[in-house]
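# Analysis of the macromolecular model
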Amino acid sequence: MSEKEIQALIKDGDLRKAFDAIVDVYSERLYWHVRRFTLSHEDADDLVQDIYIKIWNALPGFRGDSQLFTWIWKIATNAALNFVAKAKVRSALSLSSYSAEADRIIDSDPWFDGDEAQRKLSKALSRLPSKQRTVFCLRYYDELSYEEISEITGTSVGALKASYHFAAERLKEYLKA
């Protein structure tokens, strides 16, 4: 089902069918978007369920001022960033470093088995500041334009380009080491 068809369902008040279509169309992509932030399959699964609840609750208020995709990604990205912020606080309270915890999760995850390049990139991403990590993931993995990322994050295109550049440079430095 296309985004326009889903938006028509929302406009017509058929929210159940629209929600089911959202889940069908975006599930896999949404999971991997969230997974890049959470690093863990279990956390990503839980967070995606929470995101779907947020989408369901907000669906009646969707006015169609933006693309449905960017609206969903804004909800998902904010939820993922909140998850990471809470994980960093938990790490600080347990007197461990978030980077060390992220490394442990990545190293113990069977999804990373046999793929050293992906493991190193994931570890490098976990060390980026949230804004740079978000821009990099949305641009590199989700292949969004800077305009779409701007709509999701509420940041100017120029600032996004700078953040992406700094993120790419930091990743290069980390991967060289």
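Located above this text is the structure these notes cover.
In what follows, the accompanying structure is described. (Residues numbered from 1 in each chain as written. Predicted model: local features only at pLDDT ≥ 70, side-chain atom pairs only at ≥ 80, totals over all residues. Heavy atoms only, no water.)

Across its full length, the chain carries 9 helices and 0 strands. The linear arrangement of helices and strands in the chain, starting from the amino end, is α-α-α-α-α-α-α-α-α. Counting all 177 residues of the chain, 44% fall into the buried class. In the chain, 63% of the contacts between residues at least 6 apart in sequence involve partners at least 24 apart. Surface accessibility of the chain: about 9,600 Å² in total, with carbon and sulfur atoms responsible for 52%. (Helix = DSSP H or I, 4+ residues; strand = E, 2+ residues; numbered from the N terminus. Buried < 20%, exposed > 50% of the residue type's maximum accessible area, 1.4 Å probe, protein only. Contact = heavy atoms within 4.5 Å. Areas by Shrake-Rupley, 256 points an atom, 1.4 Å probe, with all protein chains shown as cover.)

By the definition in use, this model includes 12 aromatic pairs. Residues Phe19 and Trp56 carry aromatic rings whose centres are separated by 5.3 Å and whose planes lie at 75° to one another, so their mutual orientation is edge-to-face. Within this pair, whereas Phe19 is found in helix H2 (residues 15-38), its partner Trp56 is found in helix H3 (residues 41-58), the two being separated by 37 residues in sequence. By relative accessible area, Trp56 is classed as partly exposed at 34%. Of note, Arg29 hangs over the ring of Trp73, and the distance from its end group to the ring centre comes to 5.6 Å. Its end group placed over the ring of Tyr146, Arg139 keeps NZ or CZ at 4.2 Å from the ring centre. (Phe/Tyr/Trp six-rings, centres within 6.5 Å; stacked < 30°, edge-to-face > 60°. Lys NZ or Arg CZ within 6 Å of the ring centre and 35° of its normal.)

We now examine the pattern of salt bridges. A side chain of one charge can pair with a side chain of the opposite charge when the charged atoms of the two come close. Applying the stated rule across the entire model yields 4 salt bridges. With its nearest N and O atoms 3.2 Å apart, the salt bridge here joins Asp20 to Arg16. Linking Asp20 with Arg16, this pair stays in helix H2, spanning 4 residues, or about one helical turn. Taking the relative accessible area as the measure of exposure, Arg16 reaches 49% and is therefore partly exposed. Across the pair Glu169 and Lys172 runs a salt bridge, and its minimum N-O distance is 3.5 Å. Of the two residues, Glu169 and Lys172 are both situated in helix H9 (residues 157-176); the distance of 3 residues between them amounts to about one turn of the helix. For Glu169, a relative accessible area of 31% puts it in the partly exposed group. Here Lys172 falls in the partly exposed class, since its relative accessible area comes to 46%. (Salt bridge = Lys/Arg side-chain N within 4 Å of Asp/Glu carboxyl O.)

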